[in-house]
Amino acid sequence: VNIALNAFVGPVVNAANAIAMQINNALNGFCSSLSVAFRPQLFRSYAEGKNDKVFEMMYSMSKIMFAVYYMFIVAIILEIDYILEIWLGDNIPSYTKAFTILILLSMVPRNLIMCLSQIVHATGKMKVYQLVSAVVISVVLPVSVLILRIGMSPVWVYVFNVFMCVGLYIIDMYLL
């Protein structure tokens, strides 16, 4: 997506994307640390054949990660202008606010997918799961190029990304 944004709309929009991704990466790092804390218990429960406990842990992990992430993104979205002004001063690139909000919203289903993927990894049956996920994620680039080529706003690239993440979550639930 970075390459497509740079090629079609230029480095200023790419800078906005980089800023939004830095905010996202900070939050995502925190949430993935929560996910790692559940992993040993989840793997052990699966190995012992305690499927009820595995699903109970997955639901608990999903709820905790959703609640924590939701608290952070609501605070960031409500105060995005203030955060960007403190961080960047008056030099805020166009689209930074929109990109940040949309990237954070797209991460809600991705964080829930993180919980599901823990179970798939515990089973060791990752081939189909990884293949389907890779195919769905790889659709982002050509669709992004198409969106930008027909002259739509770069914001639509991230709107599509939100829908793609929701779709991927639904597919992952089915595969699980």
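As a starting point, this report considers the structure included with it. Bear in mind that the values here come from a model prediction, so they are computed numbers and not experimental data. (Residues numbered from 1 in each chain as written. Predicted model: local features only at pLDDT ≥ 70, side-chain atom pairs only at ≥ 80, totals over all residues. Heavy atoms only, no water.)

## Here we look at the pattern of salt bridges
For step 1, the next point in the chain: By the definition in use, this model includes three salt bridges.
For step 2, the next point in the chain: Note that Glu 48 and Arg 44 form a salt bridge whose closest N and O atoms lie 3.9 Å from each other.
For step 3, the next point in the chain: On the basis of relative accessible area, Glu 48 is assigned to the partly exposed category, the value being 45%.
For step 4, the next point in the chain: Taking relative accessible area as the criterion, Arg 44 reaches 46% and is therefore assigned partly exposed.
For step 5, the next point in the chain: The closest approach of N and O atoms between Lys 50 and Glu 48, which form a salt bridge, is 3.1 Å.
For step 6, the next point in the chain: A single salt-bridge network, built from bridges that share partners, covers Arg 44, Glu 48 and Lys 50. (Salt bridge = Lys/Arg side-chain N within 4 Å of Asp/Glu carboxyl O. Buried < 20%, exposed > 50% of the residue type's maximum accessible area, 1.4 Å probe, protein only.)

## Regarding the packing of aromatic side chains
For step 1, the next point in the chain: Going through the model one piece at a time under the given rule, you end up with three aromatic pairs.
For step 2, the next point in the chain: Judged by centre distance (4.9 Å) and plane angle (55 degrees), the rings of Phe 99 and Tyr 158 are tilted. Of the two residues, Phe 99 is situated in helix α5 (residues 96-123) and Tyr 158 in helix α8 (residues 155-175); the sequence distance between them amounts to 59 residues. Residue Phe 99 shares its accessibility class with Tyr 158, and that shared class is buried. (Phe/Tyr/Trp six-rings, centres within 6.5 Å; stacked < 30°, edge-to-face > 60°. Helix = DSSP H or I, 4+ residues; strand = E, 2+ residues; numbered from the N terminus.)

## A word on the packing of α5 against α8
For step 1, the next point in the chain: Between α5 and α8, whose axes approach to 9 Å, the crossing angle comes to 10 degrees. Comparing their axes, α8 and α5 come out roughly parallel. Seen from α5, the contacting residues are Ala 98, Phe 99, Leu 102, Ile 103, Leu 105, Ser 106, Pro 109, Arg 110, Leu 112, Ile 113 and Leu 116; seen from α8, they are Val 155, Tyr 158, Val 159, Asn 161, Val 162, Met 164, Cys 165, Val 166, Leu 168, Tyr 169, Asp 172 and Met 173.
For step 2, the next point in the chain: Among the residues forming the contact of α5 with α8, the class breakdown is 19 nonpolar, two polar and two charged. (Axes fitted to C-alpha atoms, helices over the stretch in contact; angles between N-to-C directions. Parallel < 35°, antiparallel > 145°, perpendicular 65-115°, else oblique. Contact = heavy atoms within 4.5 Å. Nonpolar A, V, L, I, M, F, W, Y, C, P; charged D, E, K, R; others polar.)

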